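Each chain, letter by letter, is given below.
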Amino acid sequence: MKNIHLAFDLSWTQVEAQWRRPGSWVGPDYPAPGLFEDMARLAERGGVDMIFFGDGTGVPDTWQGGIDDAVQTGVAWPRFDMSPWITVMSRVTKHLGFGLTYASTFMHPFYTARLLNSLDHVTEGRMAFNVVTSQRRSDYANYGYDELVDHNLRYERLEEFVDVCRKLWTSVDPDAFVWNRDSGMVADPAKVRAINHDGQFFKVKGPLSVIPSPQVEPVVLQAGGSPRGTRAAAHVADHVFGLMKSPALMAQQRRDLDDALVAEGRDPENVGILWSTRVIVAETEHEAQALREELIRGVPREAVGVWLSHNTGFDMSTLPNRFSLRELQQRIIAANASPVGFVHLLAKEHGEDAEISIDEFFEHGLRASTGYSNTIVGTAAQVADKLEEGFEATGSRGGFMISISQAGPRAVPYNLVSQLVPELQRRGRYRRSYEGQTLKENLAS
Ligand SMILES: Cc1cc2nc3c(=O)[nH]c(=O)nc-3n(C[C@H](O)[C@H](O)[C@H](O)COP(=O)(O)O)c2cc1C
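Nothing here was measured: the structure is a model prediction, and the numbers come from that model. (Residues numbered from 1 in each chain as written. Predicted model: local features only at pLDDT ≥ 70, side-chain atom pairs only at ≥ 80, totals over all residues. Heavy atoms only, no water.)

**Some thoughts on the pattern of salt bridges**
On inspection of all chains with the given rule, the structure shows 27 salt bridges. Put simply, arginine 429 and glutamate 388 hold a salt bridge, and the shortest N to O gap is 2.9 Å. In this pair, arginine 429 sits in the loop between α15 (411-426) and α16 (439-444) while glutamate 388 sits in helix α14 (residues 380-393), placing the two residues 41 residues apart along the sequence. Comparing arginine 429 with glutamate 388, the two get one shared label, buried. In this structure, the salt-bridge partner of arginine 427 is glutamate 423, at a minimum N-O distance of 2.8 Å. Owing to a relative accessible area of 11%, glutamate 423 belongs among the buried residues under this scheme. One salt-bridge network, held together by shared partners, links Asp385, Glu388, Glu392, Glu423, Arg426, Arg427 and Arg429. (Salt bridge = Lys/Arg side-chain N within 4 Å of Asp/Glu carboxyl O. Helix = DSSP H or I, 4+ residues; strand = E, 2+ residues; numbered from the N terminus. Buried < 20%, exposed > 50% of the residue type's maximum accessible area, 1.4 Å probe, protein only.)

What follows is the structure, given as structure tokens:
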């Protein structure tokens, strides 16, 4: 029986209604490095594979064409480049891994490859790189674009980006450095090579001017959900992120990824999917349900509009009182956001030709954009049942990334590490100690 792997998504710890609850990180507490050190120690005590930080650089401005509601209600901001915090967290842990996100659409592979090499050294082989394209207009606006880059084109760039990174990471052999004081030789020139990459998007001579890091290449993660995104994931990713859905839809995504991996000549058995999952664990089901309702009630309507507009590239404040989901979906695709987001799921659920009122739309939107429509709520045993079901339906490879509602400062110690983890261990589904030295080794076990 294979182990379930767990990651905690700490992309935001202070947004949505979470920050309004006692125990959240607000005011002068946030983002003090010591808080993250505490969280890293706790996650490691719970045998977690990795703490993950997603990223996007833009303050959402699609809703009503401005940032005011995003700023006021704390949607997708504030947000830092988390690499310095990762180095801090790595110094108080030995096994915990760290996932860091950069967008291949905006970054350069030479800089990114070099930075990830450095981080892999400092963390002693515990880095993962989540490579994304970005589907959000406000990110693009910070890097000189007025519009989103075409969906297919940005995945072509992503593939070349990771290809270049990999060439750079392997441009110096692990045994190239000899540091021979007698002969005066630092490194063997036969083991250090230019890469001379000259492609569609990048021209990079190389080599990378560093010593290879413990993992040589960080664990590469990708979260494409569309057919093109899935192909890119199959080309670049060691492991894949997916969104938790019904077991049947998850199984379908797993099959699509397996087909894409085989087409790339890769063995699907070695590539896990970590399903991004909301869970609310409490001592009783009643308590867990009450917490979910409290969290839902704490999210203002404008915040929902800001978040949905940000993710779809379409200003939801302009919607008429009734509209067809097909039409809205077409407008989102025309804006070059993803074809597989919330509106797509809604259209699948209600039928593409369904008309929906604005109030119904926002009610669905609230539950979907916060993830509370899809949250596994209950006691540790009830949540573990659902996780096992999803895991088995998808070939028992990978695990779950516990996201936002409970991967927060308060829930990690009380709900996840002290309740969910022991339940999974009792079932023989979860590690009791780390197996390997590096993140790659731990994820492969
Ligand atoms: C678990 C998970 C994490 C993600 N993290 C980010 C992120 O940090 N930044 C980002 O711009 N997109 C992120 N995405 C979006 C994906 O990269 C991707 O764009 C999305 O799943 C839509 O698929 P598509 O690009 O193939 O259309 C994430 C998606 C998932 C499922």
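**Here we look at the sheet that holds strand β16 (residues 398-402)**
Reading around the barrel, the eight strands line up as β1-β2-β3-β4-β9-β10-β11-β16 and close back on themselves, with parallel pairing between neighbours. Mean inter-strand twist for the sheet, computed between neighbouring axes without regard to direction, equals 30 degrees. Across four bridges, the pairing between strand β1 (residues 5-9) and β16 is parallel. Its bridge partner being in β16, phenylalanine 8 is matched across the sheet by isoleucine 402. (Pairing = 2+ DSSP bridges. Axes fitted to C-alpha atoms, helices over the stretch in contact; angles between N-to-C directions.)

**A few points about the side chain of arginine 154**
Mapped onto the fold, arginine 154 is located in helix α6 (residues 151-169). Here arginine 154 occupies a buried position and makes no salt bridge, while the nearest side chain of opposite charge, aspartate 150, is found at 7.3 Å. Within the structure, the side chain of arginine 154 is placed 3.3 Å from the side chain of threonine 133, a separation counted as a polar contact. Each residue touching arginine 154, except ones within four places of it in the same chain, is listed here: Thr105, Thr133, Ser134, Gln135, Tyr140, Leu148, Val149, Asn336, Ala337 and Ser338. (Lys, Arg positive; Asp, Glu negative; His and termini not counted. Polar contact = N/O pair within 3.5 Å; in protein donor to acceptor, adjacent residues only side chain to side chain. Contact = heavy atoms within 4.5 Å.)

**What about the UniProt feature "domain: Luciferase-like" (unreviewed entry) in the protein chain?**
Under the feature "domain: Luciferase-like" (unreviewed entry), the UniProt entry names residues 33-396. As annotated, residues 33-396 has a helix share of 45% and a strand share of 15%, and its two end C-alpha atoms lie 36 Å apart. (UniProt positions renumbered as here; feature names shortened; annotations may be inferred.)

**Considering unusual backbone geometry**
In this model, tryptophan 77 is joined to proline 78 through a cis peptide bond whose omega is -5 degrees. Note on placement: proline 78 falls in the loop between α2 (68-73) and α3 (83-90). With an omega dihedral of 0 degrees, the bond running from glycine 206 to proline 207 counts as a cis peptide bond. Considering the arrangement of structural elements, one finds proline 207 in the loop between β8 (203-204) and β9 (219-222). With phi around 75 degrees, serine 134 is a residue other than glycine that occupies positive phi space. Summarising the element assignment, serine 134 is placed in the loop between β4 (127-132) and α5 (137-141).

**Things to note about a nonpolar patch on the surface**
There is a patch of nonpolar side chains on the surface, built from Trp179, Val186 and Ile211 and spanning about 300 Å² of accessible area. Mapped onto the secondary structure, tryptophan 179 falls in strand β5 (residues 177-180). (Patch = residues over 30% accessible without salt bridge, like charges linked within 9 Å, V, L, I, M, F, W, Y side chains within 5 Å. Areas by Shrake-Rupley, 256 points an atom, 1.4 Å probe, with all protein chains shown as cover.)

**Some remarks on the packing of helix α1 (residues 33-45) against α15**
At a minimum axis distance of 10 Å, the contact between α1 and α15 shows a crossing angle of 10 degrees. Between α1 and α15, the interaxial angle falls into the category roughly parallel. From α1, Met39, Leu42 and Arg45 reach across to α15, where they touch Val412, Pro413 and Val417. Residue composition of the contact of α1 with α15, by class: five nonpolar, no polar and one charged. (Parallel < 35°, antiparallel > 145°, perpendicular 65-115°, else oblique. Nonpolar A, V, L, I, M, F, W, Y, C, P; charged D, E, K, R; others polar.)

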